[in-house]
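# Analysis of the macromolecular model
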Amino acid sequence: MATDSIKNNIIPLLPDKPGVYQFIDSSGKIIYIGKAKNLKKRVSSYFTANQSGKTMVMLNKAADLKHIVVDTESDALLLENNLIKRYQPRYNILLKDDKSYPRICIKNENFPRVFITRNVHRDGSLYFGPYTSAQLVRNLLTLVKQIFTLRTCNYNLTPENIAAGKFKPCLEYYIGNCKAPCVAWETEKEYDEKIIQIRNILNGNVATVSEHLKGKMKEAAAGLHFEEAQSFKEKLDVLNNFRTRSAVVSNTIRNVDVFGFTQDADKCYVNYVKVVDGAVVQAFTLDLRPKVDEEKETILASAITELRQKYSSDSPEIIVPFIPDIQLNNIKYTIPKSGDKLKLLQLAEKNAIYFKLEQKKKLLEHSPEQRTGRNLEKMKNDLHMPFMPVHIECFDNSNIMGKNPVAACVVFRNGKPSKKDYRHFNIKTVTGPNDFASMEEVIHRRYRRVLEEGGSIPQLVIIDGGKGQLSSAMKSIVKLGLQEKITVIGIAKKLEEIFFPGDSVPIYLDKNSYTLKLIQQLRDEAHRFGITFHRNKRSAEMTRSELDQVKGVGPKTKEILLKKFRSLDDIRNAPQEELEKLIGKHKAAIIKKSF
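My aim in this report is to walk through the structure given alongside it, one point at a time.

Cut-off values and rules
All residue numbers refer to positions counted from 1 along the written sequence of the respective chain. Residues qualify for local features only when their pLDDT is at least 70, as the model is predicted, and side-chain atom pairs are given and counted only at 80 or more; totals for whole chains, interfaces and linings, by contrast, use all residues. Excluded from the side-chain calculation are hydrogens and water; included are all heavy atoms of the structure. Helix and strand definitions here come from DSSP, where helices need a minimum of 4 consecutive H or I residues and strands a minimum of 2 consecutive E residues; each element is numbered from the N-terminal end. The rule is simple: take the accessible area with a 1.4 Å probe, protein chains only, and divide by the maximum for that residue type; under 20% is buried, over 50% is exposed, in between is partly exposed. The criterion used for residue contact is that any of the two residues' heavy atoms lie within 4.5 Å. Accessible areas in this description were obtained via Shrake-Rupley with a 1.4 Å probe; residue shielding takes into account the shown protein chains only. Helix span, as expected, comes to 1.5 Å for every residue beyond the first. By definition, the arc is the one covered by directions from the helix axis to the C-beta atoms. Note on method: axes are straight lines fitted to C-alpha atoms, helices fitted across the in-contact stretch only, with angles between N-to-C directions ranging 0 to 180 degrees. Should the near helix be turned anticlockwise from the far one by less than a right angle, the crossing is left-handed, and should it be turned clockwise, the crossing is right-handed. The nonpolar core is taken to be a set of buried Ala, Val, Leu, Ile, Met, Phe, Trp, Tyr and Cys residues, with the residues joined through side-chain atoms within 4.5 Å. Any Lys or Arg side-chain nitrogen found within 4 Å of a carboxyl oxygen on Asp or Glu counts as a salt bridge. Stacked, tilted and edge-to-face pairs are distinguished by plane angle, under 30 degrees for stacked and over 60 for edge-to-face with tilted covering the rest, among Phe, Tyr and Trp rings (Trp via its six-membered ring) whose centres lie within 6.5 Å. Either the NZ atom of lysine or the CZ atom of arginine qualifies as a charge over a ring when it sits within 6 Å of the ring centre and within 35 degrees of the ring normal. If DSSP finds at least two bridges between two strands, the strands pair.

### Examining the overall build of the protein
Helix and strand counts for the protein stand at 20 helices and 20 strands. Taking all 595 residues of the protein together, the buried fraction comes to 46%. Considering only contacts within the protein whose residues lie at least 6 apart along the sequence, 60% involve residues at least 24 apart. Counting only carbon and sulfur atoms, one obtains 51% of the accessible surface of the protein, whose full area is about 32100 Å².

### Looking at helix H9 (residues 206-222)
Along its 17 residues, H9 runs 24 Å from first to last C-alpha, staying within 8% of the 24 Å computed at 1.5 Å per residue. Residues Val 206, Val 209, Ser 210, Leu 213 and Ala 220 constitute the buried set of H9. Along the axis of H9, the buried positions cluster into a sector of 100 degrees, meaning they face one direction only. Turned more than 90 degrees away from the buried face of H9 sit Glu 211, Lys 218, Glu 219 and Ala 222, all of them exposed. Within two residues after H9, Leu 224 carries a phi angle of roughly 65 degrees, on the positive side.

### Observations regarding the packing of helix H8 (residues 188-202) against H9
In helix packing, the relevant descriptors are the interaxial angle and the interaxial distance, both defined with respect to the helix axes. Two numbers describe how H8 lies on H9: the axes approach to 7 Å, and their chain directions differ by 145 degrees. Every pair of crossing elements has a handedness; the one defined by H8 and H9 is left-handed. From H8, Glu 193, Gln 197, Asn 200 and Ile 201 reach across to H9, where they touch Val 206, Thr 208, Val 209, His 212 and Lys 216.

### Looking at the environment of Gln 309
Examined against the element boundaries, Gln 309 turns out to sit in helix H11 (residues 296-310). Judged by relative accessible area, Gln 309 falls into the partly exposed class, the value being 32%. Counting along the chain gives 228 residues from Gln 309 to Asn 81, while the straight-line C-alpha distance between them is 9.6 Å. In contact with Gln 309, not counting residues within four places along its chain, are Leu 78, Asn 81, Asn 82 and Lys 85.

### Some thoughts on the nonpolar core
Formed by 30 residues in total, the largest nonpolar core has its most connected members in Ile 104, Val 114, Ile 198, Leu 202 and Leu 239. Sorting the residues of this core by element identifies strand S5 (103-106), helix H5 (134-147), H8, H9 and helix H10 (226-245) as the ones contributing at least two each. With six residues, the top contributor of residues to this core is H5. Leave out the neighbours within four places in its chain, and Leu 202 touches Ile 104, Ile 106, Phe 128, Tyr 131 and Leu 140.

### As for the side chain of Asn 200
Mapped onto the elements, Asn 200 comes out in helix H8. Taking relative accessible area as the criterion, Asn 200 reaches 16% and is therefore assigned buried. Sequence-distant contacts of Asn 200, defined by excluding residues within four places in its chain, comprise Asn 205, Val 206, Thr 208 and Val 209.

### Here we look at the pattern of salt bridges
Here the idea is simple: oppositely charged side chains can pair when their charged atoms come close. For the coordinates displayed, the defined rule picks out 25 salt bridges. In this structure, Glu 377 and Lys 380 form a salt bridge, with 3.7 Å as the shortest nitrogen-oxygen distance. Remark: Lys 380 and Glu 377 occur in helix H13 (residues 368-382); sequence separation between them is three residues, near one turn of the helix. Look at the salt bridges and you will find they share partners, linking Lys 35, Glu 80 and Asp 325 into a network.

### A short note on the packing of aromatic side chains
Per the counting criterion, the structure on display carries 16 aromatic pairs. Ring geometry for Tyr 269 against Phe 355: centres 6.0 Å apart, planes inclined by 65 degrees, an arrangement best described as edge-to-face. In this pair, Tyr 269 sits in strand S10 (residues 268-276) while Phe 355 sits in helix H12 (residues 339-365), placing the two residues 86 residues apart along the sequence. Grouping residues by exposure puts Tyr 269 and Phe 355 together as buried. Pairing Phe 395 with Tyr 447 gives two aromatic rings, centres 5.9 Å apart and planes at 70 degrees, and the pair type is edge-to-face. Here Phe 395 is found in strand S14 (residues 391-400), whereas its partner Tyr 447 is found in helix H14 (residues 435-453), with 52 residues between them in sequence. Taken together through their ring pairs, the aromatic side chains of Tyr 21, Phe 23, Tyr 32 and Tyr 46 make up a single cluster. When the ring centre of Phe 322 is taken as origin, the NZ or CZ atom of Lys 296, which lies over that ring, is 4.6 Å away.

### Structural notes on the sheet that holds strand S1 (residues 19-24)
Taken together, three strands build an open sheet; the order of strands is S2-S1-S3 and the sheet is antiparallel. With one partner strand each, in any of the chains shown, strand S2 (30-36) and strand S3 (64-69) form the two edges of the open sheet. Adjacent strand axes in the sheet meet at a mean angle of 20 degrees when their direction is disregarded. Direction of pairing for S1 relative to S2: antiparallel, over a ladder of six bridges. Each bridged residue has a counterpart across the sheet, and for Ile 24 the counterpart in S2 is Ile 30. Along the sheet, helix H4 (residues 73-87) contacts S1, S2 and S3; its crossing angle with S2, the most-contacted strand, is approximately 165 degrees.

### Structural notes on unusual backbone geometry
Positioned with a positive phi, Gln 88 is a non-glycine residue whose angle comes to about 45 degrees. The residue Gln 88 is located in the loop between H4 and strand S4 (94-95) in this model. Located in the positive-phi region is Glu 496, a residue other than glycine, with phi close to 55 degrees. In this structure, Glu 496 sits in the loop between strand S19 (487-492) and strand S20 (497-499).

### Examining the sheet that holds strand S7 (residues 126-128)
The three strands lie next to each other as S6-S5-S7, forming an open sheet whose pairing is antiparallel. Looking at the sheet topology across the chains shown, the edges are occupied by strand S6 (114-117) and S7. Looking at each pair of strands side by side, their axes are set apart by 30 degrees on average, direction ignored. Pairing of S5 with S6 involves four bridges; the strand directions are antiparallel.

Next comes the structure, spelled out in structure tokens:
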């Protein structure tokens, strides 16, 4: 086996150093990437007894093993994270895709624009986030625009274009939202100074921006530019107001990263809280699905690397519920026992638990069973029913000038067709085109048999037709004593009017409502099922009547032909040999001669 080759030939040659290992399948594809403080010990551990089923599946597919040696554990963790992102091995932890979350982009261009986006382009632009709350992103942009005047146009403001006079100031300039860099009324140096301060805000360094604005205010006041100084003071007030709304943790805790951890049977959740200058400036929960059994210390280490890279964190201290299995360079891990740091950890763990419960609730709400239950409950309310319509039946008549009268019954259970329960009816007691009497007969036959056989009675019966058909159906329902157990309604096709027994005034349902759409689906299905049956019966009748004209062909021969061939055309086009095998040479010759 390939695993024996790895165990006997590769593991003995592995160094006792930190590094990254890669399991590779027979096609040369990387199926798992892991990190290790000691490559030989870690890889050897896979080939001991007591491995989980998931791990054994991965090992059985492994045909080769490669490794990369690095200097430190921290380097191994970073390299593992980058390789997993690049190759996305089948058996590594699945990180929930964050592409749908909003970010704030500072565009890589002359006089950069600042805007919300959900798409990341590798063009040198700066991206901040992702943020789990779109409202938070809007609040941050509003704050930025209240303090700094920025352009919103998408002109290519190169020095050459500006010097050539290609642009004119727009409305944003005249209402004070922009200083018109497009016509050189603001220099690139002045504009870039604002971008630096915006980056500070988005990185959570609000105190730095506050000091910058204070300095500008004092400078303007010293130069007797009091209106300009007042403008800076108003911006400072906006910034200070924003800071007071931020969650201030402590005056003693400055810059830390906090990671809360929780897990269930198949997923792990890590909540990240970023604290800058004593205030929470960012929170995000990562959703991970391990593909092979991994220790929680390993999973937490992966999450820390991923989130610190994503948010460009350089905090020297990380607060954790337990120590990860890899030590990052120049980083202090803290497991708090009391005080503000413990409160921060509890906040992160609470967020992770809330996120887990929220995800489970969403899955439950979007499950087909839950969605069907909500829809049927709405239908029950729309039609003023005493019971939820889990079992619905719909009836439709079909005939042409009273000939070959038939009826169809279609059955839906839990909002879906139950085709094995569909039924056809040949009308037996009615002569001529009488839809009302036909409906009365069919309803009586259907539910008399259900009662005799102890079958399930529907909560809702739909009659394809108006008041007349509905009244006829109710006669049979009342005769059988089912009027208290079944809600019966009629649907008239022209205006999709819904009629109730004993009420001449119809109700009109919202055309986009689930209730009306399901009623229409039942009506159309009953019509299709009934028409198909009626067409087949009519075709068989016509075929039989034509065969009746052929002398020498009796009822038994007709029955044999109709069982084998569905129509006259099929009989007409059948080869002579096939007919002879079926009904004999003599009768086959008669049939061929007749046609």
